[in-house]
Amino acid sequence: MKKSKKILLPLSYKKKTRRPLSEKQKRLLRFNLQKFLFKKNFSTKKKIFLEIGFGYGENLINLGKKNIDELIIGCEVYEPGIANLVKKIEINNLKNICIYPKNTFSLLEKLKKNSIEKIFMLYPDPWPKKKHFKRRLISKFFLEKIDKILKKNGLIFISTDSENYLNTILIEFFLNRNFLWIDKKITNCYERPEKLIESKYEKKATMKGNKKYFLKFKKIC
Ligand SMILES: C[S@@+](CC[C@H](N)C(=O)[O-])C[C@H]1O[C@@H](n2cnc3c(N)ncnc32)[C@H](O)[C@@H]1O
């Protein structure tokens, strides 16, 4: 009998919350999150942007405010971050954001083919120890997944403060013929694109004196 090949999905490495959730955070997740949840068979004529691993959601809120006519989907597994985003969506009365509070790989299976205009990944976890490299989100497998959901000419914005991860990201994109690195000059990767704002992680990276890199890729076929 033929053995079926089992595809192992990368796990979502849920961060340990240092402090337990406050009562307010628990309420936000239990009651308020519901109305912003991503629904699998949604239909929209709007352009769709996706932010993966939005952390505390600063950039996502900014995208929501600046792109009122687009739909912004945010994916994150870190509960305090999700609670913070829910709070900010309500304070800013934004109607164009929805949240997928689970592993991005399960979201990528639910999104329609060629449906996403732009993907944002600000400082995906660098996992600096060699033994943890396999936990990194950006891999050959991941690129195959985003290739499916991204429209032709769709863009991917990625930032990182890890030189080792930067190399891996560039290699993985170079190896996938459907994507092109489109920064016009190499020095562009030292400047944050105007549409991105400084996230919480970036502030910490700046304080540590780390170099930050901003990459832009296009799906060309
Ligand atoms: C280093 S933090 C950066 C957060 C934010 N983008 C920023 O710049 O402040 C990476 C984030 O990705 C999230 N993350 C990691 N793996 C994920 C996955 N498989 N699905 C969804 N989110 C994930 C983590 O929970 C974490 O909040």
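Reading the values: rules and limits
- One numbering rule holds for all chains: residues counted from 1, following each sequence as written.
- Reporting in this predicted model follows two pLDDT cut-offs: at least 70 for local features of residues, and 80 or more for side-chain atom pairs to be given and counted; totals over whole chains, interfaces and linings ignore these cut-offs and use all residues.
- Secondary structure follows DSSP: runs of H or I at least 4 residues long count as helices, runs of E at least 2 residues long count as strands, and numbering of each begins at the N terminus.
- Expected span of a helix: the number of residues minus one, times 1.5 Å.
- With C-beta atoms placed from the backbone, the exposure class of a residue follows from how many other C-beta atoms lie within 10 Å of its own: 20 or more, buried; 12 or fewer, exposed; in between, partly exposed.
- Think of it this way: build a C-beta for each residue from its backbone, and any pair within 7 Å is a contact.
- Whether a residue is near a molecule or strand depends on its C-beta atom, placed from the backbone, lying within 6 Å of it.
- Nonpolar residues are Ala, Val, Leu, Ile, Met, Phe, Trp, Tyr, Cys and Pro. Charged residues are Asp, Glu, Lys and Arg, and all others, Gly as well, are polar.
- Each nonpolar core comprises buried Ala, Val, Leu, Ile, Met, Phe, Trp, Tyr and Cys residues, the members being joined through C-beta atoms within 7 Å.
- A pair of strands is labelled paired if DSSP reports no fewer than 2 bridges between them.
- Angles here are taken between N-to-C directions and fall from 0 to 180 degrees, while the axes themselves are lines fitted to C-alpha atoms, restricted in helices to the stretch in contact.
- When the strands point away from the viewer, a crossover counts as right-handed if the route from the first strand across the helix to the second turns clockwise.
- On a scale of 0 to 100, pLDDT captures the predictor's confidence in every residue.

Q: Sorry, what's going on with helix α3 (residues 79-91) here?
A: Under the 1.5 Å per step criterion, the end-to-end length of α3 is 18 Å for 13 residues, consistent within 8% with the ideal 18 Å. Those residues of α3 that fall on the buried side of the exposure criterion are P80, G81, I82, A83, N84, L85, V86 and I89. As for α3, its buried residues are in contact with α1 (23-32), α2 (58-66), β2 (71-75) and β3 (97-100). Just beyond α3, the residue with positive phi is N93, at close to 50°.

Q: I would appreciate a short explanation of the site of the ligand in the present structure.
A: Close contacts around the ligand come from 22 residues, with G53, G55, T104, S199 and Y201 the closest. Counting residues per element, the shell around the ligand draws most heavily on helix α7 (residues 200-207), at three residues. Here the residues of the shell around the ligand are counted per class, giving 10 nonpolar, seven polar and five charged.

Q: In this structure, what is going on with the nonpolar core? I would like to understand it.
A: Looking at soluble globular proteins, one finds that nonpolar side chains tend to be buried together. L50 and I119 are the most contacted members of the largest nonpolar core, which has 45 residues in total. Leave out the neighbours within four places in its chain, and L50 touches I73, C75, I116 and I119.

Q: Would you explain the environment of R136 in this entry?
A: Inspection of the secondary structure assignment puts R136 in the loop between β4 (116-122) and α5 (140-149). Separated by 29 residues in the primary sequence, R136 and Y165 have C-alpha atoms spaced 8.5 Å apart. Those residues within four positions of R136 in sequence are excluded, and the remaining contacts are P124, W127, Y165 and T168.

Q: Hey, could you run me through the sheet that holds strand β6 (residues 179-181) in this one?
A: Within a sheet, neighbouring strands are paired by backbone hydrogen bonds and run either parallel or antiparallel to one another. Taken together, the seven strands give an open sheet; going across it, the order is β3-β2-β1-β4-β5-β7-β6, and neighbouring strands pair in mixed fashion. The sheet is open, and its two edges are formed by β3 and β6, each paired on a single side. Here the average twist between neighbouring strands, direction ignored, is 20°. Strand direction decides the pairing type here: strand β5 (residues 150-160) and strand β7 (residues 213-219), joined by six bridges, are antiparallel. Of the residues in β7, the one forming a bridge with I156 is F217. On top of the sheet, α5 reaches β4, β5, β6 and β7; it is set at about 135° to β5, its chief contact.

Q: Sorry if this is basic, but what is going on with the environment of S159 here?
A: Summarising the element assignment, S159 is placed in strand β5. Under the C-beta neighbour-count criterion, S159 is labelled buried, with 23 such atoms within 10 Å. Residues S159 and G57, 102 residues apart in the sequence, show an inter-C-alpha distance of 15 Å.

Q: Please explain the pairing of β5 as it appears in this structure.
A: It is a general feature of regular strands that their side chains alternate between the two faces of the sheet. As judged from the six bridges shared by β4 and β5, these two strands associate in the parallel manner. When the sheet's bridge partners are listed, L122 is paired in β5 with S159. Handedness of the β-α-β unit built from β4, α5 and β5 comes out right-handed.

Q: Sorry, what's going on with unusual backbone geometry here?
A: Residues other than glycine predominantly adopt negative phi, and peptide bonds predominantly adopt the trans conformation. The phi angle at N114 is positive, at roughly 50°, despite the residue not being glycine. Here N114 falls in the partly exposed class, since 13 other C-beta atoms lie within 10 Å of it. If you check the backbone angles, W127 has positive phi at about 40° while not being a glycine. On the secondary structure map, W127 appears in the loop between β4 and α5.

Q: Help me understand the confidence of the model for the chain, please; the structure alone is not making it clear to me.
A: Note that predicted coordinates carrying low pLDDT should not be read in detail. Counting all residues, the mean pLDDT for the chain is 92, and 92% of those residues have values of 70 or more. Considering only residues more than four positions removed or in separate chains, one finds that residues 4-10, a stretch of pLDDT under 50, has three contacts.

Q: Can you help me understand the pairing of β2 in this one?
A: Summarising burial for β2: five of the five residues are buried, a large majority. Note: strand β1 (residues 48-52) against β2, five bridges, orientation parallel. By the bridge assignment for β2, L50 is matched with I73. Taken together, β1, α2 and β2 form a β-α-β motif whose crossover is right-handed. Judged from the four bridges that link them, β2 and β3 form a sheet pairing that is parallel. Its bridge partner being in β3, G74 is matched across the sheet by I99. Where the polypeptide runs from β2 across α3 and back to β3, its parallel neighbour, the crossover connection is right-handed.

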